[in-house]
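Below are the chains, spelled out letter by letter.
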Amino acid sequence: PVWMMRQAGRYLPEYRNLRTKAGSFLSLCYDPKLATAVTLQPVERFGLDAAILFSDILLIPDALGQTVSFIEGDGPQLHPVRNLKDLEKLSNEVNFSHLSPVYETVSTVASQLNENVALIGFAGAPWTVATYMVEGHTSKHFDFIKRWAFSDPSSFEILIKRLTDATAMHLCKQIEAGADVVQIFESWAGVLPPKEFARWCVKPVEVITKRVKEQFPEVPVIAFPRGAGVGYIGYADATGVDGLGVDYTLPTTWVAKVLQPDVCIQGNLDPQILLVGGSVMRAAVREIKSALNNGPFVFNLGHGVLPQTPPEHVAELVQLVRED
Ligand code: 1CP
């Protein structure tokens, strides 16, 4: 099977069209009709094996009462939460009625999808969502969040715990609404020392997976700890996830030997190679398939589709993945 992270998005003209209609990115996420259409666009165009809900990981801070906005070309901007005092200004619990349009999108998409196409619900992992909440934007050095987590772990834990509870509930609500699989995005797994990685990345994902499994033992959980490096070893076992998204820095033969015996692998074409296309892409796809096709494997990228990607390259990629 094949699907792509950020398969809906700015590289598709039909997405740009609806995005303009919606006005802002957040109003697109909270409009079930438009969000359904955008979720289905890449599935209809390319015949992918899964649809991923069109939403964002930063809807959780939005539903906690933090000010979140997406500035065109500039990424997300949040009014930062940098200590316990700031945290006390947010709600203790997510306002799930605020997120009801998201669950409505899930159920509408589920009712419209062909039965052999899976619907993937998702959320950000607590650490990754916290980086945006604390820094206020995409970060390079993670100064504020690291200083908080290292200097006062007991108050930082309050934030992570709140996000852990919210994320587990948010995933369960997506499953109730019709998601077949859920994915936890840990985009910033690669910025912590090992002890802190275990405490702030691995542990919360373990708790979330356990809570999802208590309610929905049959629903597969995928995690994508991007950039975790040697932290990938033992990660699936420690968290209990069924699927492991691997980024493009990991050698596929190593992944096949060390990780794939224990867990279904998902990945890992570099999105820049998809953008470049042609013989470079064909060779890379061949290499990934020959290394990983002998075990449980879902073809994907090693990170999200880039906005400048020609859609024809995506169509060719799907064909390459499917041919013998
Ligand atoms: O202007 C636009 O149209 C907004 C671009 C955009 C899109 C299409 C953003 C802003 N989010 C999304 C959708 C989105 N985000 C999906 C939808 C489903 C799909 O994959 O097609 C998903 C799963 C996400 C997840 C997400 N949002 C992540 C995790 C994956 C990753 O990219 O590492 C992260 C970190 C975000 C935060 C975010 N949302 C948007 C931006 C520009 C960012 C910051 C990304 C960064 O810091 O690099």
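To be clear, the structure that these remarks concern was listed above.
Structure report, in brief. (Residues numbered from 1 in each chain as written. Predicted model: local features only at pLDDT ≥ 70, side-chain atom pairs only at ≥ 80, totals over all residues. Heavy atoms only, no water.)

**Overview of the overall build of the chain**
Scanning the chain from N- to C-terminus turns up 15 helices and nine strands. Taken against the 2.2 N^0.38 rule, which gives 20 Å for 324 residues, the C-alpha radius of gyration of the chain at 19 Å falls within 12% of a compact globule. In terms of its C-alpha atoms, the chain occupies a principal-axis envelope of roughly 55 × 45 × 35 Å. The buried share of the chain, reckoned over its 324 residues, is 56%. Nonlocal contacts in the chain, meaning residues at least 24 apart in sequence, comprise 73% of its contacts between residues at least 6 apart. (Helix = DSSP H or I, 4+ residues; strand = E, 2+ residues; numbered from the N terminus. Rg over C-alpha atoms; globule rule 2.2 N^0.38 Å. Buried < 20%, exposed > 50% of the residue type's maximum accessible area, 1.4 Å probe, protein only. Contact = heavy atoms within 4.5 Å.)

**Considering the pattern of salt bridges**
Within this structure, the stated rule accounts for 11 salt bridges. In this structure, the salt-bridge partner of D49 is R322, at a minimum N-O distance of 3.1 Å. You can see D49 sitting in the loop between helix 3 (32-46) and strand 1 (50-52) and its partner R322 sitting in helix 15 (residues 311-322), a full 273 residues away along the chain. Notably, a salt bridge pairs K203 with E206, separated by 3.4 Å at the nearest N-O pair. Within this pair, K203 and its partner E206 are both found in helix 10 (residues 194-215), separated by three residues, close to a single helical turn. Residue class for K203 comes out partly exposed when judged on its relative accessible area of 43%. Where salt bridges share partners, they join K161, D165 and R211 into one cluster. (Salt bridge = Lys/Arg side-chain N within 4 Å of Asp/Glu carboxyl O.)

**Observations regarding unusual backbone geometry**
The omega torsion of the bond from G267 to N268 falls at -15°, within 30 degrees of zero and hence cis. Among the structural elements, N268 can be located in strand 8 (residues 264-269). Residue R6 is not a glycine yet carries a positive backbone phi of 55°. Mapped onto the secondary structure, R6 falls in the segment before helix 1 (13-22). You can call R6 exposed: its relative accessible area is 57%. Positive phi values are uncommon outside glycine, yet F142 reaches one of about 60°. Looking at the element boundaries, F142 is found in the loop between helix 7 (126-135) and helix 8 (143-151).

**A few points about the site of the ligand**
The full set close to the ligand counts 23 residues, and R6, Y15, Y132, T138 and S187 are the nearest of them. Y15 has a polar side-chain atom sitting 2.5 Å from an oxygen atom of the ligand. The separation between an oxygen atom of the ligand and a polar side-chain atom of H303 is 2.7 Å. Notes on the ligand: free accessible area 880 Å², of which the protein chains cover 90%. Classifying every residue of the shell around the ligand by side-chain character gives 13 nonpolar, five polar and five charged. (Near = heavy atom within 4 Å. Polar contact = N/O pair within 3.5 Å; in protein donor to acceptor, adjacent residues only side chain to side chain. Areas by Shrake-Rupley, 256 points an atom, 1.4 Å probe, with all protein chains shown as cover. Nonpolar A, V, L, I, M, F, W, Y, C, P; charged D, E, K, R; others polar.)

**Considering the packing of helix 7 against helix 8**
Relative orientation and spacing of two packed helices are given, respectively, by the angle between their axes and the distance between those axes. Interaxial distance between helix 7 and helix 8 falls to 8 Å at its minimum, and their mutual angle equals 110°. When the interaxial angle is binned, helix 7 and helix 8 end up roughly perpendicular. Judged by the sense of rotation from one axis to the other, the crossing of helix 7 with helix 8 is right-handed. Contact residues: W127, A130, T131, V134 and E135 in helix 7; D143, F144, I145 and W148 in helix 8. Across the contact of helix 7 with helix 8, the residue classes tally to six nonpolar, one polar and two charged. (Axes fitted to C-alpha atoms, helices over the stretch in contact; angles between N-to-C directions. Parallel < 35°, antiparallel > 145°, perpendicular 65-115°, else oblique. Left-handed = near helix turned anticlockwise from the far one by under 90°.)

**Considering the environment of K33**
Here K33 shows up in helix 3. Looking at K33, the relative accessible area reads 72%, which means it is exposed.

**Quick word on the sheet that holds strand 6 (residues 221-225)**
The strand order 1-4-5-6-7-8-9 describes an open sheet built from seven strands, whose pairing is parallel. Sheet topology places strand 1 and strand 9 (297-301) at the edges, where each strand pairs with a single neighbour. Taken pair by pair, the neighbouring strands of this sheet meet at an average axis angle of 25°, ignoring direction. In this sheet, strand 7 (residues 243-245) lies alongside strand 6 in parallel orientation, the contact comprising two bridges. Bridge pairing in strand 7 places I222 opposite G243. (Pairing = 2+ DSSP bridges.)

**Section: the pairing of strand 9**
For strand 9, the tally of buried residues reaches five of five residues, placing the bulk of the element in the interior. Here strand 9 shows two buried faces, one formed by F297, F299 and L301 and the other by V298 and N300. Strand direction decides the pairing type here: strand 8 and strand 9, joined by five bridges, are parallel. The residue bridging N268 from the neighbouring strand is N300, located in strand 9.

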